[in-house]
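Tertiary structure, described
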Amino acid sequence: MTVHRGWQGRYFEDFAVGDVFEHPLGRTVTETDNIWFTLLTQNTAPVHFDREYAKKTEFGKPLVDSTFTVALVTGQSVTDVSQNVFANLAWDRITLPAPVFEGDTIHSRSTVLSVRESQSRPTLGIVTVRTEGYNQRAEVVCAFERTVMVYRRGHGPNAEPMPAPPLPPEATQD
């Protein structure tokens, strides 16, 4: 029997300009997501949580809080882009070209724009990606550039994997 270590994310050496990562997890946005996020962030715009108000807008229904959309699309990219992040350095050129509504399913992808060594931290590198989130109709609903400091292979918290407990004897028998 072979024991395989779970996905540990990409390290600085794993990025090349032009690489595209189709992030594996989509997410359907719910009414609860929209209301909780809006209230947690103290956003008082009624278009996000007041159905009667929202009916009177050109959309005719509540809009999903745009900062939720940015957070969701960022989160979807973590497994491929920043699982081994030291720090987020910037979000730039954020655009929201189409609205998101409760019930929309969002997927995302990232394209590597630049890769460079850190001048001040030899165990890190700096990667910039353009990430796009899109809905079930393939409409881009969110796009941004994000710059992160990523650990080099062999550095950071995952450099020394935590030892797993031994497998029980019955797991190793045929």
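For the structure itself, consult the block above.
Below or above, wherever it landed, is the structure these notes cover.

About the cut-offs
In this numbering scheme, every chain counts its residues from 1 along its sequence in written order. Where local features are concerned, this predicted model is filtered to residues with pLDDT of at least 70; where side-chain atom pairs are given and counted, the filter is 80 or more; whole-chain, interface and lining totals use all residues. Neither water nor hydrogens contribute to the side-chain values; these are computed over all heavy atoms in the structure. In this text, helices come from DSSP runs of H or I with a minimum length of four residues, and strands from runs of E with a minimum of two, each type numbered from the N-terminal end. Within these notes, the globule rule equals 2.2 Å times the number of residues to the 0.38 power, and the radius of gyration is based on C-alpha atoms. Burial classes: relative accessible area under 20% of the type maximum marks a residue as buried, over 50% as exposed, and values in between as partly exposed (1.4 Å probe, protein chains only). We call two residues in contact when some of their heavy atoms are within 4.5 Å. Surface accessibility in these figures is a Shrake-Rupley result with a 1.4 Å probe; residues are shielded only by whichever protein chains are displayed. His residues and chain termini do not enter the charge count, which takes Lys and Arg as positive and Asp and Glu as negative. To locate a charge, take NZ of a lysine, CZ of an arginine, CG of an aspartate or CD of a glutamate. Counted as salt bridges are all cases of a side-chain nitrogen of Lys or Arg within 4 Å of a carboxyl oxygen of Asp or Glu. What the arc describes is the spread of directions from the helix axis to the C-beta atoms. The criterion for strand pairing is that DSSP finds at least two bridges linking the strands in question.

The number of helices and strands found in the protein chain is three helices and six strands. Rg of the C-alpha trace for the protein chain: 20 Å, well past the compact-globule value of 16 Å for 174 residues, more than 25% over. Along the first, second and third principal axes, the C-alpha set of the protein chain runs to 60 × 50 × 30 Å. Considering the protein chain as a whole, with its 174 residues, one finds that 36% of them fall into the buried category. For the protein chain, the share of sequence-separated contacts (at least 6 apart) that also reach a separation of at least 24 residues comes to 73%. When the accessible surface of the protein chain is summed, it comes to about 10400 Å², and 54% of that surface belongs to carbon and sulfur atoms. The distance from the centre of the 16 positive side-chain charges to the centre of the 21 negative ones in the protein chain is 4 Å.

Locating glycine 103 in the fold gives a position in the loop between β3 (85-95) and β4 (105-117). According to the relative accessible area criterion, glycine 103 is partly exposed, its value standing at 45%. Sequence separation between glycine 103 and valine 3 is 100 residues; the distance between their C-alpha atoms is 39 Å. Apart from residues no more than four positions distant in its own chain, glycine 103 is found in contact with Thr28 and Val29.

Using the criterion set out here, one finds 13 salt bridges in the structure. For aspartate 80, the salt bridge identified is with arginine 10, shortest N-O distance 2.8 Å. One end of the pair, aspartate 80, is in helix α3 (residues 66-81); the other, arginine 10, is in the segment before β1 (20-22), with 70 residues separating them in the sequence. Judged by relative accessible area, which is 10%, aspartate 80 ranks as buried. Of the charged contacts in the structure, one is a salt bridge between glutamate 31 and arginine 51, with a shortest N-O distance of 3.4 Å. Of this pair, glutamate 31 sits in helix α1 (residues 31-40) while arginine 51 sits in helix α2 (residues 51-55), and the two are 20 residues apart along the sequence. By relative accessible area, glutamate 31 is classed as partly exposed at 38%.

Those residues of α1 that fall on the buried side of the exposure criterion are Asp33, Asn34 and Thr38. Axial view of α1: buried residues confined to an arc of 115°, hence all on one face. Every exposed residue of α1 that faces more than 90 degrees away from the buried side is listed here: Trp36, Leu39 and Leu40. Where α1 is buried, its residues contact β2 (27-28) and α3. After α1 finishes, the residue glutamine 42 shows a positive phi value of roughly 60°.

Quick look at the pairing of strand β6 (residues 140-151) now. On a regular strand, one side chain projects to one face of the sheet and the next to the other, so that they alternate. Summarising burial for β6: eleven of the twelve residues are buried, a large majority. As paired elements, β3 and β6 share seven bridges and run antiparallel to each other. In the strand pairing of β6, aspartate 92 is matched with glutamate 145. Where strand β5 (residues 124-134) and β6 come together, eleven bridges link them in antiparallel fashion. Within β6, the residue paired with glutamate 132 across the bridge is alanine 143.

Its location among the elements puts threonine 74 in helix α3. In this structure threonine 74 comes out as buried when scored by relative accessible area, which is 10%. Remark: the alpha-carbon pair of threonine 74 and phenylalanine 86, spanning twelve residues in sequence, is separated by 16 Å. Every residue in contact with threonine 74, bar those within four places of it in the chain, is listed here: Trp91, Phe144 and Arg146.

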